[in-house]
Amino acid sequence: MTSTSAKTFLPLDLVSFTDESKAVIDFIADYYKNIEKYPVQSKVEPGYLSPKLTDSAPYCPDSLEDILKDVNESILPGLTHWQSPNFFAYYQTSCSTAGFLGEMLCSGFNVVGFNWISSPAATELESIVMDWMGKMLKLPSSFLFSGTGGGVIHGTTCEAIVCTLAAARDKTLNELGGNWENITKLVVYASDQTHFTFQKAAKLVGIPPSNFRLIQTSFATEFSMSPELLRLAIENDIKSGLVPLYICATIGTTACGAVDPIAELGKVANEYKLWLHIDAAHAGNACICSEFRHFLDGVELASSVSMNPHKWFLTNMDCCCLWLKEPRFLVDSLSSNPEYLGNNASESKAVVDYKDWQVTLSRRFRALKLWIVIRRHGVANLMHHIRSDIILAKQFEALVAKDDRFEIVVPRRLVLIFFRLKPKHELDSRELNCKLLDAINSSGRAFMTHGVVAGIYAIRCVIGATLTEERHVKDLWNLIQEKARLLLLQCNE
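Summary of the structure given here. Predicted model only: the values in this text are computed from it and were never measured.

Looking at the pattern of salt bridges
Following the criterion strictly, the structure yields 24 salt bridges and no others. Glu 222 serves as the salt-bridge partner of Arg 413, at 3.3 Å between the closest nitrogen and oxygen. Remark: Glu 222 occurs in the loop between β3 (212-215) and α8 (227-239) and Arg 413 occurs in the loop between β8 (406-410) and β9 (416-421); sequence separation between them is 191 residues. Between Arg 366 and Asp 318 there is a salt bridge whose closest N-O contact spans 2.9 Å. Pair noted here: Arg 366 is in helix α13 (residues 366-402) and Asp 318 is in the loop between α10 (309-312) and β7 (320-324), with a separation of 48 residues, a long-range link. A network of salt bridges, in which partner residues are shared, links Glu 103, Asp 318, Arg 364, Arg 366 and Lys 369.

Topic: the pairing of β9
When a strand is regular, its side chains alternate between the sheet's two faces. Here β9 lies mainly inside the structure; six of its six residues are buried. A two-sided burial pattern is seen for β9, the buried positions comprising Leu 416, Phe 418 and Arg 420 on one face and Ile 417, Phe 419 and Leu 421 on the other. Examined bridge by bridge, β8 and β9 share four bridges and lie antiparallel to one another. Bridge assignment links Ile 408 to a residue of β9, and that residue is Phe 419. Counted along the chain from β8 to the antiparallel partner β9, the turn is five residues long. Across four bridges, the pairing between β9 and strand β11 (residues 456-462) is antiparallel. Across the sheet, residue Phe 419 finds its bridge partner in β11, namely Ile 459.

Looking at the sheet that holds strand β5 (residues 275-279)
Strand order in this open sheet of seven strands is β1-β7-β6-β5-β4-β2-β3, and the pairing throughout is mixed. Each edge of the open sheet carries a strand with a single partner, namely β1 (150-154) and β3. The mean inter-strand angle of the sheet, taken between neighbouring strand axes irrespective of direction, is 20 degrees. Strand direction decides the pairing type here: strand β6 (residues 304-307) and β7, joined by four bridges, are antiparallel. The partner of Met 307 across the bridge, within β7, is Cys 321. This element, helix α6 (residues 157-175), spans β1, β2 (186-191), β4 (243-250), β5, β6 and β7 of the sheet and lies at about 155 degrees to β4.

Re the side chain of Ser 346
Structurally, Ser 346 can be placed in helix α12 (residues 344-348). Setting aside chain neighbours within four positions, we find Ser 346 in contact with Asn 115, Val 351 and Asp 353.

Focus: the sheet that holds strand β10 (residues 449-453)
Reading across from one edge, β8-β9-β11-β10 is the order of the four strands in this open sheet, with antiparallel pairing throughout. Where the open sheet ends on each side, the last strands, each with one partner, are β8 and β10. Sheet twist, expressed as the average angle between the axes of neighbouring strands with direction ignored, equals 45 degrees. Taken together, the five bridges between β10 and β11 define a ladder with antiparallel strand orientation. Paired with Val 452 across the strands is Tyr 457, a residue of β11. Most of the contacts of α13 go to β9, to which it runs at about 15 degrees, and overall it touches β8, β9 and β11.

A word on a nonpolar patch on the surface
A surface patch of nonpolar side chains, about 370 Å² in accessible area, is lined by Leu 12, Leu 14 and Phe 17. Positionally, Leu 14 belongs in helix α2 (residues 14-33).

Considerations on the packing of aromatic side chains
Per the stated rule, a full pass over the model turns up 17 aromatic pairs. Ring geometry for Phe 198 against Tyr 246: centres 6.0 Å apart, planes inclined by 20 degrees, an arrangement best described as stacked. Remark: Tyr 246 occurs in strand β4 and Phe 198 occurs in helix α7 (residues 197-204); sequence separation between them is 48 residues. Across the pair, Tyr 246 and Phe 198 agree in class, each one buried. Consider the rings of Phe 292 and Phe 295, whose centres lie 6.3 Å apart with planes at 15 degrees: the pair is stacked. The ring of Phe 329 carries Lys 171 above its face, with NZ or CZ at 5.4 Å from the centroid. Note that Arg 460 overlies the ring of Tyr 91, its terminal NZ or CZ placed 5.2 Å from the centroid.

The rules behind the values
Residues numbered from 1 in each chain as written. Predicted model: local features only at pLDDT ≥ 70, side-chain atom pairs only at ≥ 80, totals over all residues. Heavy atoms only, no water. Salt bridge = Lys/Arg side-chain N within 4 Å of Asp/Glu carboxyl O. Helix = DSSP H or I, 4+ residues; strand = E, 2+ residues; numbered from the N terminus. Buried < 20%, exposed > 50% of the residue type's maximum accessible area, 1.4 Å probe, protein only. Pairing = 2+ DSSP bridges. Axes fitted to C-alpha atoms, helices over the stretch in contact; angles between N-to-C directions. Contact = heavy atoms within 4.5 Å. Patch = residues over 30% accessible without salt bridge, like charges linked within 9 Å, V, L, I, M, F, W, Y side chains within 5 Å. Areas by Shrake-Rupley, 256 points an atom, 1.4 Å probe, with all protein chains shown as cover. Phe/Tyr/Trp six-rings, centres within 6.5 Å; stacked < 30°, edge-to-face > 60°. Lys NZ or Arg CZ within 6 Å of the ring centre and 35° of its normal.

What follows is the structure in structure tokens.
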């Protein structure tokens, strides 16, 4: 770069900002217009990207035109298209125009609201929006700032579980006299269907893996956690001189969508004085609809609850809402007060400093995005969105049920249909359905994933991408039937 060009270097030039931002928006709009032309699951091989790009950074600036050309030619082929209407894998990350606008404003302001004075609006809007969401879910006032609790927006459920585990750990260790050697006695509980992040989080806060208790589930309870088996495990640990600490209940497990009985588990937790956390990452979104609110019955017995608007609430990644009945335990565990962050507002204890509600110091203005999503859509349209996806899931479920070659393995709760192609011999089930799933995904016309419950391998179809319509669900079923017919012909040869 010459001295002349260095003098004219303007990294935030308002003229180019407007023009280039419009160019990127046009690029994204074209991507969405053509998204169905791409294979849903990327077909590239490992290491594909290096030969397509230079092996060192450019010394002089590249034009946006050249950069977008490379995005189109080199990056897009390596994407699995999560926003495709034919994406039925995992649990989706939904998006909307309002979500994009919120992200744009968040990035544009680029504030770091770690404490109140660093951006008062960021802190106060987050507290307000968390109460909005809590009221939409009909959470007790004990979880709201307008009551005796409070909430924080994290990036993901993983963060929420790490933070609440740390709060529960420190609370209990203090009750045991503050001796950290007692950490080896702490025991945590979940079902064998609980998301694997729970075990990762437990290790991160120092719980020995030998002190993880995964309560076995079965068809008898539709793979929800048994309060009786939980109680038995707790009693056995107490008899062994261990200290029961934390229960993670789930509303909508990853493999098959099971819902744990919150009220019954809450009674066990309260009896033995354990921290009960409710992971409602995906299915919790549906609880804004009155007909699904019963999944949260018993929430008043919990210590904390989390759900992810970025999964089903038309809120672009990332956004996880965490509510706590007694936030002081979280703050006691995670707070730090270096001299350089000292200020009158914080010292007055009259404000929330969100740095003390999370692992990191820095944080994004996620509340702005969620606030805009709620305002632009309104509660009525958000409920309509949830209900529309469930109607599509019921239609797909009915198509599976009508075909004698297939079976629903676990009853549908919301939008996850857990099904398989029936094997002639049970020992062949995994191989048969694995081949079917691979054939579907390899076609590029749809993408699904699998799960295993009680040793049974089955295919997961999750309805929930923002652009998915009835025709996409019917096309998926036609694709499944087509690949199943070819597979069964091969098996009979």
